[in-house]
Amino acid sequence: MQGKVIVVDHEKCTGCRLCEMVCSVFHTGASNPSRSRIKVVKWESEGFYLPTTCQNCEKPFCVEVCPTKACHQDLENQRVIIDKDKCIGCKTCIVACPFGAPSFDHVERVSIKCDYCDGNPQCVFFCDTKAVNYVDSDRVGVSKRREFSLKFSELLRQTR
Amino acid sequence: MSLASKPSTKTLKRIRPQREWRWEIAIYLYLAGMGAGSFIVGLFTHWNGFGLSLPLRTFTFWGVPLELSKLALLWGPILVAIGAPFLILDLGKKLRFYTACFNPRTSWLARGFFILSGFILAGLIVLGALSFQQMSHPPLLWRLFEIISMLLAFATAIYTGILLKSVRYIPIWNTPLLPALFLLSALSTGSMGVILSTMGYGLLFPGGGLPHLLISRLTRIEQILVLIEGLILATYLISKYRAKDQGEDSVRLLISGDLRFLFWGGIVAVGFLFPIVLEYLYSHFPQYPGLLFATGALLLAGGFFLRLGLLASGVKERLPMYKLIEMKIKMSAFQRGE
Ligand code: SF4
């Protein structure tokens, strides 16, 4: 990871999908969650909600597989973006991303992905419970790893 | 039963088939593979690889003499050329298709653009040149060109598997067995294609006698290819099924999930069982060419279903976070004694 990234605290997420709404309005002018760059994965009956979006990987695989170089690393702003004027909508980046971050916009017929709203992510701004945050990747790396291992060991303890 | 007592594990995410690359890509992969495979078999036959060649039939079109027997063997590049637009059909922005070759340094889709174009060009040159003039003693340079076109045909057949393999995070695609399977399927469907075209040629121009001998030899080779293909497919699926989190979901999807009809009906029955039975019958009743035509049609359809099934079963590895959440769900179900 590099630069700033969006991190999610799934325990704070209520599954309201406001982030999807504001994302689609900001990027497309339409209130259409299917065109949002952030997606809330739901385990509805268990009350688990996990907003997912681009992880801003250090070696982005989507960039590697893109045949047109539409998906590229903007080194200046340290983020991975898709140039929609170059994208041919082949969906390779969608198939290739392990996080399922890019998605296909059926209106514009190109792939879309989170571009961090040019440094001011609307989902972070509008999330009432602060389940999505925009922080420096250095801090995220350590805290995320610690959080994950804590949860994992807690689970293992429960299974014993 | 109250709502609360329903087994919570049912609420885990249902695995659904991959839907980004669909039938258009399956046709693209299939026609590329079958075209390349038939060209390999056809060129090998043309080199007298099976000790036989088709009787010659020369026709004159607008004053140009054309040798039709070569078309019966070397039509592969035409099929690949027909298949390539299906990739374009799948694109969101079809008119920008030519930019799909801008990143061959890392993208296999871009590399495929060059491999397929190279094969179509070289294959059409071979087909055209051999149809226009008989070369009893071809110059060395020409032989070299033929070998290059053969290598390009192999590259095309293997590429169809490598394209999927290059998408690393889909475990069922990420194995060298997939390009091997697609190569074998390309050769088996390709040889069946050549058998059918040779047979059509024999029916159109009867009296040569040779097509039957050639067909029986090709059929033997095709049977061996189908057998090896079946073995690779079984090894491939078993190895993926055993590797937990590394393709198990996809194999489940195929054998007992949403894709079970496609797998058991389309791939196993239409692609392997029926053709084997019909071919066996044909070997006992060669006076009924309809049996071989039916075998061919089924085998070719099976080849397409194989691509379609493996494409659709390409689900991603579940992320650690998802696994963690699903583990939690299972745990709470367990603690509730469900
Ligand atoms: S869909 Fe667009 S951005 Fe994604 S790989 Fe294809 S051309 Fe590149």
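As a starting point, this report considers the structure included with it. (Residues numbered from 1 in each chain as written. Chains lettered and ligands numbered in written order. Predicted model: local features only at pLDDT ≥ 70, side-chain atom pairs only at ≥ 80, totals over all residues. Heavy atoms only, no water.)

**Let's talk about the overall build of chain A**
A tally of helices and strands in chain A yields five helices and eight strands. Secondary structure of chain A in N-to-C order comes out as β-α-β-β-α-β-β-α-β-β-α-β-α. The buried share of chain A, reckoned over its 160 residues, is 51%. Pairs at least 24 residues apart make up 53% of the contacts formed inside chain A by residues separated by at least 6 positions. Just so you have it, chain A exposes about 7,800 Å², and 53% of that area is on carbon and sulfur atoms. (Helix = DSSP H or I, 4+ residues; strand = E, 2+ residues; numbered from the N terminus. Buried < 20%, exposed > 50% of the residue type's maximum accessible area, 1.4 Å probe, protein only. Contact = heavy atoms within 4.5 Å. Areas by Shrake-Rupley, 256 points an atom, 1.4 Å probe, with all protein chains shown as cover.)

**Quick word on a nonpolar patch on the surface**
Residues and elements named next belong to chain A. A cluster of nonpolar side chains, namely L18, M21, V25, F125 and F126, defines an oily patch on the protein surface of about 430 Å² accessible area. Of all elements in the fold, only helix 1 (18–28) and helix 4 (122–126) reach the threshold of two or more residues within the nonpolar patch. By residue number, the principal contributor to the nonpolar patch is helix 1, which donates three residues. With respect to the helices and strands, the residue F126 is situated in helix 4. For F126, a relative accessible area of 36% puts it in the partly exposed group. (Patch = residues over 30% accessible without salt bridge, like charges linked within 9 Å, V, L, I, M, F, W, Y side chains within 5 Å. Salt bridge = Lys/Arg side-chain N within 4 Å of Asp/Glu carboxyl O.)

**Some thoughts on the packing of aromatic side chains**
Tallied over the full model, the rule gives 13 aromatic pairs over all chains. Between the aromatic rings of F97 of chain B and Y98 of chain B, the centroid separation amounts to 6.1 Å while the plane-to-plane angle is 85°, which identifies the pairing as edge-to-face. For F97 of chain B, a relative accessible area of 33% corresponds to the partly exposed category. An aromatic cluster is present here, built from Y30, F304 and F305 of chain B joined pairwise through their rings. Above the ring of F104 of chain A, the side-chain terminus of K91 of chain A is found at 5.1 Å from the ring centroid. The side chain of R307 of chain B reaches across the aromatic face of F182 of chain B, ending 4.9 Å from its centre. (Phe/Tyr/Trp six-rings, centres within 6.5 Å; stacked < 30°, edge-to-face > 60°. Lys NZ or Arg CZ within 6 Å of the ring centre and 35° of its normal.)

**Some remarks on the environment of Q55 of chain A**
Residues and elements named next belong to chain A. Considering the arrangement of structural elements, one finds Q55 in the loop between strand 3 (48–52) and helix 2 (61–65). Taking the C-alpha atoms as reference points, Q55 and F99, 44 residues apart in sequence, are found 7.7 Å from one another. Side-chain polar atoms of Q55 contact the backbone oxygen of T53, separated by 3.1 Å. (Polar contact = N/O pair within 3.5 Å; in protein donor to acceptor, adjacent residues only side chain to side chain.)

**Observations regarding the pattern of salt bridges**
Per the stated rule, a full pass over the model turns up 10 salt bridges over all chains. Where D105 of chain A meets R35 of chain A, a salt bridge forms, and the shortest distance between an N and an O atom there is 3.1 Å. Of the two residues, D105 of chain A sits in strand 6 (residues 103–105) while R35 of chain A sits in the loop between helix 1 and strand 2 (39–43), which places them 70 residues apart along the sequence. For the pair shown, D105 of chain A and R35 of chain A are each scored as buried. R252 of chain B is the salt-bridge partner of E248 of chain B, the closest N and O atoms lying 2.8 Å from each other. Of the two residues, E248 of chain B and R252 of chain B are both situated in helix 8 (residues 248–255); the distance of four residues between them amounts to about one turn of the helix. Here the salt bridges do not stand alone but share partners, grouping R35, K84, D105 and E108 of chain A into one network.

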